[in-house]
Amino acid sequence: QVQLVESGGGLVQPGGSLRLSCAASGFIFSHYAMNWYRQAPGKERELVAGITSTGGSTNYADSVKGRFTISRDNAKNTVYLQMNSLKPEDTAVYYCMGRSVWYTYWGQGTQVTVSS
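Everything in this summary refers to the structure shown in the same document.

Below, the discussion takes up the pattern of salt bridges. Under the counting rule described, the total for this entry stands at four salt bridges. In this structure, the salt-bridge partner of Arg38 is Asp90, at a minimum N-O distance of 2.9 Å. Within this pair, whereas Arg38 is found in strand β4 (residues 33–39), its partner Asp90 is found in the loop between β8 (78–83) and β9 (92–99), the two being separated by 52 residues in sequence. You can call Arg38 buried: its relative accessible area is 6%.

Structural data, given as structure tokens:
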């Protein structure tokens with residue numbers, strides 16, 4: 001059974017940090033590119049960051065460049081999103097997504113709220 005389970009969300013003040021984790025099971029994690037998306041209320045889901053299957057290349061939305069870092073540990077079947085200098089506009093449900101040539105898998109999401 002394929003599972004992507006996000007954790008690490010919560011309430012944080014502006015300027016604070018959070019580290020999201022996404023634990024994968026049920027598929028060959030090291031064969032999949034991994035991405036973090038987010039969806040704020042009333043808005044479309046948007047790509048935040050992505051990382052290739054080997055971790056050799058990453059990409060980021062302009063809105064998070066320099067503040068967020070995506071990484072992965074293929075030995076632990078886990079992808080991370082380190083979020084620094086958080087802003088109220090980063091408030092959203094964050095989802096991890098795994099993609100290969102044939103399949104795409106989504107997690108259930110974790111809420112991140114940035115507020116004072």
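Strand direction decides the pairing type here: β4 and strand β5 (residues 46–51), joined by five bridges, are antiparallel. The residue bridging Asn35 from the neighbouring strand is Gly50, located in β5. Remark: six residues form the turn of the hairpin made by β4 and β5, two consecutive strands paired antiparallel; Gly42 in that turn has positive phi of roughly 75 degrees. Note that β5 and strand β6 (residues 58–60) share three bridges and pair antiparallel. Considered in β6, the bridge of Ile51 is made with Thr58. Linking β5 back to β6 in an antiparallel pair, the connection comprises six residues, with Gly55 at a positive phi of about 85 degrees.

Counting 29 residues, the largest nonpolar core has Trp36, Val79, Leu81, Met83 and Tyr94 as its most contacted members. Elements that contribute at least two residues to this core include exactly β3 (18–25), β4, β5, β7 (68–73), β8, β9 and β11 (110–114). A total of four residues in this core trace back to one element, the largest contributor, which is β3. Residues contacting Val79, with those up to four places away along its chain left out, are Leu20, Ser21, Cys22, Phe29, Met34, Trp36, Ile51, Ile70, Ser71, Arg72 and Cys96.

Cut-off values and rules
- Residues numbered from 1 in each chain as written.
- Predicted model: local features only at pLDDT ≥ 70, side-chain atom pairs only at ≥ 80, totals over all residues.
- Heavy atoms only, no water.
- Salt bridge = Lys/Arg side-chain N within 4 Å of Asp/Glu carboxyl O.
- Helix = DSSP H or I, 4+ residues; strand = E, 2+ residues; numbered from the N terminus.
- Buried < 20%, exposed > 50% of the residue type's maximum accessible area, 1.4 Å probe, protein only.
- Pairing = 2+ DSSP bridges.
- Core = buried A, V, L, I, M, F, W, Y, C linked by side-chain atoms within 4.5 Å.
- Contact = heavy atoms within 4.5 Å.

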